[in-house]
Amino acid sequence: MPSALLQPLSPSRIKTLLLFLSLLFILYLVFHQPPPHPPLLQHLPLPTTRRHLLFSIASSAASWSRRKPYVRLWYSPDTTRAFVFLDKPIPDSNTAGDRSVPPVIVSGDTSRFPYTFRGGLRSAIRVARVVKEIVDRGEPDVRWFVFGDDDTILFVDNLVKTLSKYDHNQWFYVGSNSESYDQNVKYSFDMAFGGGGFAISHSLAKALANVFDSCLMRYAHLYGSDARIFSCLAELGVGLTHEPGFHQVDMRGNLLGLLSAHPLSPLVSLHHMETVESIFPNMNKTQALERFFIAVKVDPARICQQTICYDPSRSLSVSVAWGYAIQVFEGNELLPDLLSLQKTFMPWRRSGSIDATHYMFNTRDYPRDICKRPAVFFLESVASENNVMQSNYTRHNIENCPKTNKIDNLEKIRVFSEKLELDVDQVFLNRLCGL
Ligand SMILES: *[C@@H]1O[C@H](CO)[C@@H](O)[C@H](O)[C@H]1NC(C)=O
Ligand SMILES: *[C@@H]1O[C@H](CO)[C@@H](O)[C@H](O)[C@H]1NC(C)=O
């Protein structure tokens, strides 16, 4: 007789077995503790703050003392982390007393790297290599490495807001190309132009630092530092994330057109402030930037953000670029027309070629006839109380239009606004106001 073990299972025994197995599975699910999250994921929800950004400023022994006033505008020793990279030590470079500027580092030797761009400066290699030297220092708790020149003016709170949209644990290269079409043709539409500043996420910066020295050997023929960094990032498969707040400012003359119709995106940087005209009339460039920063400090998110108000009873259109200037147009200007940039500025390259006069944004002519220009009012003063901002703007007349018009007597405009607190997800800001 065959033993019971060898008996084929009856359907009812199979059912019992299955029930038993599923009971075991349910008990496993009920009592099993999931493993804890890896520490990185637990840290993600904490917002990015100023302390998570580490700035590297490319300077030189020849230019540093002249450029210090630009850095002082945005650097604050207690909340900003930054280093200045010089080609060689200068006598007062590490006097610990001057806390108004960041500490200085002397760059490593780069004489072993080839540089073959005719007429260029081989300091481009040293400046490019800052991306590796800063990572190799192993500073703690850095989410973003930010790079700029000693004449890059940064708006730190706005940069924090901008970078908070991206996950620093992924690979990101954030910045902007040039305003000038022909500069982009020459270098690349997808390169972050170094003078405007750019940011590299912590994890990408690590990967870049590992390959940077060998990568530099392949790009001896390139002109600048930014083109080297762009090329090495391209080799890693990373393209530029364009953010409209960064400004290389490859243009000359009067920046009114640029600064009075900024995209509704926080202003992050301005460059070439030495080559353009003073941004406010009747004062030098440093004084003008200092006045601008009074507004930047009280409401950074709103600086230069454009709001358009219509006064139907007097048939006026008023375009406010908060903290900077107000323009009053006679008649009803259509809103889309006020978003394009008035060509108050001139091309970066003085070659006279057609390409040099093309920009990367919509423009409109700035009338030659002064009677056809809007009346312009520039920031005079700003004060804040309980998050309500009051800013005064006074009229600037270059020459008086001989014809009289209905706003001849308007000398001063006062603007009341609430402090602008943008959420990370908030991409929408109303452009219209009521008068
Ligand atoms: C700008 O003006 C201020 C105040 O008059 C003066 O101290 C400063 O040296 C001037 N700067 C330049 C670059 O001319
Ligand atoms: C703006 O101007 C008005 C009128 O002159 C004055 O009362 C007010 O204090 C000024 N506000 C600021 C912030 O300077």
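Residues numbered from 1 in each chain as written. Chains lettered and ligands numbered in written order. Predicted model: local features only at pLDDT ≥ 70, side-chain atom pairs only at ≥ 80, totals over all residues. Heavy atoms only, no water.

**Remarks on the packing of helix α8 (residues 202-216) against helix α9 (residues 225-235)**
At a minimum axis separation of 9 Å, α8 and α9 run at an interaxial angle of 110°. Judged by the inter-axis angle, α8 sits roughly perpendicular to α9. Facing α8, whose interface residues are Leu 204, Leu 208, Phe 212, Cys 215 and Leu 216, α9 presents Arg 228, Ile 229, Cys 232, Leu 233 and Glu 235. Here the residues of the contact of α8 with α9 are counted per class, giving eight nonpolar, no polar and two charged. (Axes fitted to C-alpha atoms, helices over the stretch in contact; angles between N-to-C directions. Helix = DSSP H or I, 4+ residues; strand = E, 2+ residues; numbered from the N terminus. Parallel < 35°, antiparallel > 145°, perpendicular 65-115°, else oblique. Contact = heavy atoms within 4.5 Å. Nonpolar A, V, L, I, M, F, W, Y, C, P; charged D, E, K, R; others polar.)

**Section: a nonpolar patch on the surface**
A grouping of Tyr 181, Val 185, Phe 189 and Met 360 is seen on the molecular surface, where their side chains present a nonpolar patch of about 320 Å² in accessible area. Among the structural elements, Met 360 can be located in the loop between β15 (345-347) and β16 (363-364). (Patch = residues over 30% accessible without salt bridge, like charges linked within 9 Å, V, L, I, M, F, W, Y side chains within 5 Å. Areas by Shrake-Rupley, 256 points an atom, 1.4 Å probe, with all protein chains shown as cover. Salt bridge = Lys/Arg side-chain N within 4 Å of Asp/Glu carboxyl O.)

**Considering the site of ligand 2**
Surveying the vicinity of ligand 2 reveals the residues Ser 381, Val 382, Ala 383, Gln 390, Asn 392, Lys 412 and Arg 414. Relative to its unbound accessible area of 360 Å², ligand 2 is 55% covered by the protein chains. For the shell around ligand 2, the elements supplying multiple residues, two or more each, are β17 (375-385), β18 (388-396) and β19 (412-418). In terms of residue count, the dominant contributor to the shell around ligand 2 is β17 (three residues). (Near = heavy atom within 4 Å.)

**Digging into the packing of aromatic side chains**
Applying the stated criterion across every chain yields a total of 19 aromatic pairs. For the pair Phe 292 and Tyr 324, a centre-to-centre distance of 6.3 Å together with 85° between the ring planes defines the contact as edge-to-face. Taken as a pair, Phe 292 in helix α11 (residues 285-298) and Tyr 324 in the loop between β12 (316-321) and β13 (325-330) lie far apart in primary sequence, 32 residues in all. Its relative accessible area of 0% is what places Phe 292 among the buried residues. Centre to centre, the rings of Tyr 324 and Phe 378 are 5.8 Å apart; their planes meet at 70°, and the pair counts as edge-to-face. Residue Tyr 324 is located in the loop between β12 and β13, and its partner Phe 378 is located in strand β17; the two are separated by 54 residues in the primary sequence. Phe 378 shares its class with Tyr 324; the two are buried. (Phe/Tyr/Trp six-rings, centres within 6.5 Å; stacked < 30°, edge-to-face > 60°. Buried < 20%, exposed > 50% of the residue type's maximum accessible area, 1.4 Å probe, protein only.)

**Observations regarding the confidence of the model for the protein**
Do not read the fine detail of predicted coordinates wherever pLDDT is low. In this model, the protein carries a mean pLDDT of 89, and residues with pLDDT of at least 70 account for 86%. Below pLDDT 50 for its whole length, residues 1-7 participates in zero contacts with residues either more than four positions away or in separate chains. Every residue in residues 34-42 is under pLDDT 50, and counting partners more than four places away or in other chains gives two contacts. (pLDDT = per-residue confidence, 0-100.)

**Remarks on the environment of Val 142**
With respect to the helices and strands, the residue Val 142 is situated in the loop between α5 (130-136) and β4 (144-149). Accessibility expressed as a relative area gives 6% for Val 142, which makes it buried. Taking the C-alpha atoms as reference, Val 142 lies 4.9 Å from His 52; in sequence the two are 90 residues apart. If we ignore the near neighbours within four places in the chain, the residues touching Val 142 are His 52, Leu 54, Arg 81 and His 202.

**Overview of the sheet that holds strand β7 (residues 198-201)**
Taken together, seven strands build an open sheet; the order of strands is β3-β2-β1-β4-β7-β6-β8 and the sheet is mixed. Two strands in the sheet have a free side with no partner beyond their single neighbour: β3 (104-106) and β8 (241-242). As defined by bridge partners, strand β6 (residues 173-175) adjoins β8 across two bridges and the pair is classed as parallel. Bridge pairing in β8 places Val 174 opposite Thr 241. (Pairing = 2+ DSSP bridges.)

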